[in-house]
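Understanding the architecture of this molecule
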Amino acid sequence: MSTQLVRADEITDQHVLDVRQASEFAAGHLPGATHVELGALADQADALAASPTVVMCGHGERAIGGASLLERAGHRDLAVLQGGPEDWAEITGRSLEV
């Protein structure tokens, strides 16, 4: 099994899961993103939809760990966003939600 790395402009209809801390998420996140802190993800993985998902954090390191936790919980069709929310906003020209 392999998790893809995707650029901001490659996100289409996938669900976005943000695994940053609550204060980071509150400061600005992708529109429609779901938030579960990385430390809580193993306990909440079963409650998350098993739809195609892009996992993201501030730069990508925590997102890779999050994708691994989801894979162990049985989730498939996962990708990790290269970069973070500011990179997404710059590349797409869209605004973050706060």
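Please refer to the structure higher up on the page.
A brief report on the enclosed structure follows. As the structure is a computational prediction, the values presented were derived from the model and not from experiment.

What the protein contains, in helices and strands, is 4 helices and 5 strands. Secondary structure elements in the protein, listed N-terminal to C-terminal, are β-β-α-β-α-β-α-β-α. In terms of overall size, the protein behaves like a compact globule, its C-alpha atoms giving a radius of gyration of 12 Å where 98 residues would be expected to give roughly 13 Å. Reported as C-alpha extents along the three principal axes, the dimensions of the protein are approximately 35 × 25 × 20 Å. Every one of the 98 residues in the protein was classed for burial, and the buried ones make up 40%. Sequence-distant contacts, at least 24 apart, represent 68% of the contacts inside the protein between residues at least 6 apart. Carbon and sulfur atoms provide 48% of the accessible area of the protein, an area that totals close to 5300 Å².

One can find Asp18 in strand E2 (residues 15–18). Here Asp18 is in contact with Phe25, His29, Thr34, His35, Val36 and Met56, once residues within four sequence places are set aside.

What follows concerns helix H4 (residues 85–92). Looking at H4, one finds that the buried residues are Pro85, Trp88 and Ala89. Summarising the axial view, the buried residues of H4 lie within an arc of 95°, below the 170-degree limit, and thus occupy one face. Turned more than 90 degrees off the buried face of H4, the exposed positions are Glu86 and Glu90. Where H4 is buried, its residues touch strand E4 (53–56). Positive phi appears at Gly93, one or two residues downstream of H4, with a value of about 75°.

On to the environment of Leu69, then. Tracing the backbone shows Leu69 in helix H3 (residues 61–72). Between the C-alpha atom of Leu69 and that of Ser2, which follows or precedes it by 67 residues, the distance is 13 Å.

Analysis parameters
- Residues numbered from 1 in each chain as written.
- Predicted model: local features only at pLDDT ≥ 70, side-chain atom pairs only at ≥ 80, totals over all residues.
- Heavy atoms only, no water.
- Helix = DSSP H or I, 4+ residues; strand = E, 2+ residues; numbered from the N terminus.
- Rg over C-alpha atoms; globule rule 2.2 N^0.38 Å.
- Buried < 20%, exposed > 50% of the residue type's maximum accessible area, 1.4 Å probe, protein only.
- Contact = heavy atoms within 4.5 Å.
- Areas by Shrake-Rupley, 256 points an atom, 1.4 Å probe, with all protein chains shown as cover.
- Arc of directions from axis to C-beta.

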